[in-house]
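# Inside the fold
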Amino acid sequence: MTANTKLGLVERLNAGENIFCAEGYLFELSRRGYIAHGVWVPEFILEQPEVLKNLHYEMAHAGSDVIEAFQYYTHREKMRQVGREKDLEKINRIALRVAREVAQEKNLLFAGGVSNTNIFRKGENEDQIRAMFDEQVRWSKEEGVDYMIAETISFVGEAKIALDVIKSYNLPAVVTFTIHKRAPNGSIQTLDGVPVGIACRELLENGATVVGVNCTRGPEMTLEVVEEIIKFCPPERVCALPIAYRTTKEEPTF
């Protein structure tokens, strides 16, 4: 890896670099027996942070330019579902501090994360969603992240809330959609009916640093979405993170 990791995300992108961010923590840790299927909350972080730290080292060894704090599904709604809402801040701060330690040791970028809440309802609970994102982004800012990732989001409305919150803390934002299926008219859309390329363009116009797609689709089907996005967005501001499964046109998502 020849990247100048002393520069931030924006500076490195402006210099023409490609940034690699290894993920897949949820499924890999589930495969190893640390996360239960279904609710998918990584409660083990509270008791066994060294397990997470070791996986961060593996991601660094694999060539990642970024260590992302494993904050996926550690938001208030998910913690409530498993009866551990009182541990909300604790689990986030542990995840952030473990990631920061590895990022600093390996001289890599350090990212925080927010994810889909699964309860977004346009016009009904935006304030609740905003508050959930705000606390996670605030803790991430306090722990010194270089930028934030908002990922696995299916609604433009929810993505825009996440972006607004991240911008309010003066952090660069990478925002990625998960796209489940084509609309009946063949368009690749978000769940609120916006063509994915237009959705990503709107996020860039609203201040996102990078936009793209993650999760649910294997490499080939992820590229199908990327091709739509780059019709509307500069390729150098587009990212993609496929799931580690082979999916097809007949079954585009896992």
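Everything here concerns the structure above.
In what follows, the accompanying structure is described. Residue numbers here run from 1 along each chain, matching the order of that chain's written sequence. It should be noted that, the model being predicted, local features are given only for residues of pLDDT at least 70 and side-chain atom pairs only at 80 or more, the latter also being counted only at that level, while totals for whole chains, interfaces and linings use all residues. In computing side-chain values, all of the structure's heavy atoms are included and hydrogens and water are not.

This next bit is on helix α8 (residues 156-168). Helix and strand assignments come from DSSP, with helices taken as H or I runs of at least 4 residues and strands as E runs of at least 2, each series counted from the N terminus. What a helix is expected to span follows from its residue count: subtract one and scale by 1.5 Å. For α8, with 13 residues, the first-to-last C-alpha span of 18 Å sits near the 18 Å given by 1.5 Å per residue. Turning to α8, its buried residues are V156, E158, A159, I161, A162, L163, V165 and I166. N170 occupies a position one or two residues after α8 and carries a positive phi of about 55 degrees. A simple rule labels every residue: compare its accessible area, found with a 1.4 Å probe on the protein chains alone, to the largest value its type can have, and call it buried under 20%, exposed over 50%, or partly exposed in between.

This paragraph deals with the pattern of salt bridges. The salt bridge criterion pairs a side-chain nitrogen of Lys or Arg with a carboxyl oxygen of Asp or Glu, the two atoms within 4 Å. As enumerated under the stated definition, the model contains 25 salt bridges in all. For the salt bridge of E143 with R97, the shortest nitrogen-to-oxygen distance reads 2.9 Å. Taken together, the residues E143 in the loop between α7 (126-142) and β3 (147-153) and R97 in helix α6 (residues 88-106) connect sequence positions 46 residues apart. The partly exposed category is assigned to R97, whose relative accessible area is 43%. When salt bridges with common partners are traced through the structure, they connect E89, R93, R97, R100, E142 and E143 into a single cluster.

Time to look at the packing of aromatic side chains. Any pair of Phe, Tyr and Trp rings, taking the six-membered ring for Trp, is counted once the centres come within 6.5 Å. Such a pair is stacked with planes under 30 degrees apart, edge-to-face with planes over 60 apart, and tilted for the rest. Under the criterion given, the structure shown has eight aromatic pairs. Centre to centre, the rings of F27 and W40 are 5.5 Å apart; their planes meet at 70 degrees, and the pair counts as edge-to-face. A residue pair is termed long-range when its members are at least 10 positions apart, and F27 in helix α2 (residues 25-31) and W40 in the loop between α2 and α3 (44-47) qualify at 13 residues. Here W40 falls in the buried class, since its relative accessible area comes to 17%. Three or more aromatic residues link up through ring pairs in this structure, and these residues are F27, W40, Y245 and F254. Criterion for a charge above a ring: Lys NZ or Arg CZ within 6 Å of the ring centre, and within 35 degrees of the ring normal. Here the guanidinium or amino end of K78 rests over the ring plane of Y73, the centre of that ring lying 4.4 Å away.

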